[in-house]
Amino acid sequence: MEERRVVAGVFGRLARVVALVAAAGIALSGCSAGTADVENAAPAASAEAPPAPASVEWKLVTTWPKNLPALGTAPERLAQSLDAMSGGRFQVRVYAAGELVPAFEVFDAVAEGSAEMGHGAAYYWRGKAPVAAVFATAPFGMSAQEMNGWLHYGGGLELWRELYAPFGVMPFAAGNTGVQMAGWFNKEINSLADLNGLKMRIPGFGGEVLQRAGGVAVAMPGSEIFTALQTGVIDATEWVGPYNDLALGLQDIAQFYYYPGWHEPGPTLEALVNRDAFDALPADLQAMLETACRAINQDMLDEFTARNARALKALVEEHGVAVRRLPDDVLARFQELSEAVVREAATDDLSRRILDSYYGFLAEARQYHAISEQAYLNAR
Ligand code: CA
């Protein structure tokens, strides 16, 4: 409860700042207009009450199990901040996976308008467009910091919106987990040969890379992972990182916890918005939605940064989990395959432009990160 109050407090303060800035803008523009038009001032308008500002009630469907920390609570926080910023005019009701639609039908629900909004990850929609997954993550691709730079200052968001436009869906970045863990295994992975026939839950391009390296990739939403691993339907799974994995209870059914998350080095979560519903919003609620998504995008990364380390300690010290690094030959093989697998998604002009933009930005960002982020972490 304490945590909820803190979060509500942060968003409450954010909402008050937005309201103050908006009020200041109105006051200033009113002031200058008044000065310019003072000689032509018309008689005061009649004392009719202004029309009540528009208010909306939206449904938000998610791909996440109910109350899953960070991934599942982010859309709840988004709804709270929209409520606070709008003075109650923008109401969003959040549904966990399966409450209104199953996890993997979130995109269609938003496209059809049966829900105005969704929250998930773009690699769940490879069936719509194979290239969509890069807007979540790419194996050996961008970190969280690089994704945020590309999306908001490198042209990525515009390309993402162009990709989803034919479906009537408008995406916003709305969360990031940071570098994930490679996953949970019931047997040790000592070399590339240990991947042969290994059935692993792993989505997106990472799954395709695993296939080429000899494994079998299985796609399933978070709610099904525990049972699938426990009953041997799969031999291994990746999920997120210590904080989320602890919440899912994966330490109870697998012993080895591998790193690094080569397949998801900084995955972006997305808010999906029905385009017609967005266009029908008054301009101030559109601006609040944009701002709230931007805030939750950063907030989730902050939460993972704060909680993953403590959760890892608990996994090791209280649950006896064995933490292991993937062997060099496994990582080298994954890296060798990764960009080629992703580039296969370039099937038309738009997907080629998306991938050229993604890898162009990554190459540039890495040149600087080599002497900043990476050099700093290596120097300590
Ligand atoms: Ca994952």
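Residues numbered from 1 in each chain as written. Predicted model: local features only at pLDDT ≥ 70, side-chain atom pairs only at ≥ 80, totals over all residues. Heavy atoms only, no water.

Looking now at the overall build of the chain. Counting its regular elements, the chain contains 13 helices and 11 strands. Looking at the chain residue by residue over its 380 residues, the buried ones come to 50%. (Helix = DSSP H or I, 4+ residues; strand = E, 2+ residues; numbered from the N terminus. Buried < 20%, exposed > 50% of the residue type's maximum accessible area, 1.4 Å probe, protein only.)

All right, on to the coordination of the calcium ion then. Coordination sphere of the calcium ion, protein contribution only: Gln180 (OE1), Glu238 (OE), Glu238 (OE), Trp239 (O) and Glu264 (OE), at 2.1 to 2.8 Å. On the primary sequence, the residues serving as donors to the calcium ion are separated as Q-x57-E-W-x24-E. Of this pair, glutamine 180 sits in the loop between strand 4 (169–176) and strand 5 (183–185) while glutamate 264 sits in the loop between strand 9 (256–259) and strand 10 (268–274); the two residues are 84 residues apart in sequence, bridging distant segments of the chain. The pair formed by glutamine 180 and glutamate 264 is uniform in burial state, with each residue classed as buried. (Donors = N, O, S within 2.8 Å, 3.2 Å for Na, K, Ca; no water.)

All right, on to helix 10 (residues 283–319) then. For helix 10, which comprises 37 residues, the first-to-last C-alpha distance of 50 Å matches the rise-based estimate of 54 Å (1.5 Å per residue) to within 8%. Of all bends in helix 10, the biggest is about 35 degrees, found at arginine 307. One or two residues past the end of helix 10 sits glycine 320, with phi positive at roughly 65 degrees. (Expected span 1.5 Å × (residues − 1). Bend = angle between axes of the 7 residues up to and from the residue.)

Side chains that are three or four residues apart share a direction in an α-helix, a result of its 3.6 residues per turn. If you check which residues of helix 6 (residues 204–212) are buried, you get Gly204, Phe205, Gly206, Gly207, Val209 and Leu210. Buried positions along helix 6 lie against strand 6 (199–201), strand 7 (216–218) and helix 11 (328–343). (Contact = heavy atoms within 4.5 Å.)

Once that is clear, we can look at the packing of aromatic side chains. Summed over all chains, the structure comprises 20 aromatic pairs. Arranged with centres 5.4 Å apart and planes meeting at 10 degrees, the rings of phenylalanine 135 and tryptophan 150 form a pair that is stacked. With a gap of 15 residues between them, phenylalanine 135 in the loop between strand 3 (117–120) and helix 4 (144–153) and tryptophan 150 in helix 4 connect regions that are remote in the sequence. Here phenylalanine 135 matches tryptophan 150 in class, with each residue buried. Ring plane angle 80 degrees and centroid distance 5.1 Å describe the contact between tyrosine 358 and tyrosine 359, whose orientation is recorded as edge-to-face. What makes tyrosine 359 buried here is its relative accessible area of 10%. Stacked on the ring of phenylalanine 172, the Lys or Arg arginine 161 has its end atom at 4.4 Å from the ring centre. (Phe/Tyr/Trp six-rings, centres within 6.5 Å; stacked < 30°, edge-to-face > 60°. Lys NZ or Arg CZ within 6 Å of the ring centre and 35° of its normal.)

A word on the pairing of strand 10. Within strand 10, seven of the seven residues are buried, which leaves the element mostly enclosed by the surrounding structure. Burial along strand 10 is two-sided: Thr268, Glu270, Leu272 and Asn274 facing one way and Leu269, Ala271 and Val273 facing the other are all buried. Strand direction decides the pairing type here: strand 3 and strand 10, joined by four bridges, are antiparallel. Paired with glycine 118 across the strands is leucine 272, a residue of strand 10. Two elements, strand 4 and strand 10, share six bridges in a ladder whose sense is antiparallel. The residue bridging methionine 170 from the neighbouring strand is valine 273, located in strand 10. (Pairing = 2+ DSSP bridges.)

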